[in-house]
Amino acid sequence: GVEHRVHRLHPLTIVQQEIEDLFCGMGYQIIEGPEVELDFYNFERANIPANHPARDMQDTFYISESLLLRTHTTAIQTRALEANANHVPLKVICPGKVYRKDDDDATHSHQFVQIEGLVVGEGVSMANLKSTLLTLARAMFGPDRQIRMRPSYFQFTEPSAEVDVSCHVCNGSGCNVCKQTGWIEILGSGMVHPDVLTMAGFDA
């Protein structure tokens, strides 16, 4: 007979499934989108028009003038917004592979996995965002973790914030893992930019 071997899941798959389970438990729906994407959804609908400097920062693999390998899972969000215009509340997470022309090293890869979350609804605020991200940080890094949000800039969110989690190794006192700061940057976040909502067909 043929011998069947049971293989284990890849660590990235395990982490993705843990995040999906967490958000499904909070009422989110998982949606996916094409890895070969239109410039329209990857950039234009994300408030990154032609000739915008952010396009250079993303170092995109173009297939044609209008077709590319998506540089971020924001492209899934822009599709989800268009498909659900004015249907609120909308709560989705968007996992998937993304591609950028990076030189592979310890902290960079030409292909990596992103998971973005999106909530649109009446009265949704930065406080809701912070609470959700704290829940995520504690689920992934331990129940004693804290987060901090630092002002930042992304084309598709306003206001925008980088999010750090207190170091799980030194508990915030400073070590080599957190470069003596007590914090580790884990993600970018923000409120959906009004222009992104308007382009998708939502009433401003």
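Nothing here was measured: the structure is a model prediction, and the numbers come from that model. (Residues numbered from 1 in each chain as written. Predicted model: local features only at pLDDT ≥ 70, side-chain atom pairs only at ≥ 80, totals over all residues. Heavy atoms only, no water.)

## Describing the sheet that holds strand β5 (residues 111-120)
If you walk across this open sheet you meet the three strands as β1-β4-β5, and the pairing is mixed. Lying at the two open borders of the sheet, with one neighbouring strand each, are β1 (29-30) and β5. Sheet analysis places strand β4 (residues 90-99) next to β5, joined by 10 bridges and oriented antiparallel. Paired with Cys94 across the two strands is Glu116, which belongs to β5. (Pairing = 2+ DSSP bridges. Helix = DSSP H or I, 4+ residues; strand = E, 2+ residues; numbered from the N terminus.)

## Quick look at helix α5 (residues 126-141)
If you check α5, its first and last C-alpha atoms are 22 Å apart, about what 16 residues at 1.5 Å a residue would give, namely 22 Å. Here the buried face of α5 lies against α1 (11-25), β6 (147-154), β7 (157-166) and β8 (183-192). Where α5 begins, the side chain of Ser125 points an oxygen toward the backbone nitrogen of Ala127, at a separation of 3.2 Å. Looking at the residues trailing α5, positive phi occurs at Gly142, about 125°. (Expected span 1.5 Å × (residues − 1). Contact = heavy atoms within 4.5 Å. Polar contact = N/O pair within 3.5 Å; in protein donor to acceptor, adjacent residues only side chain to side chain.)

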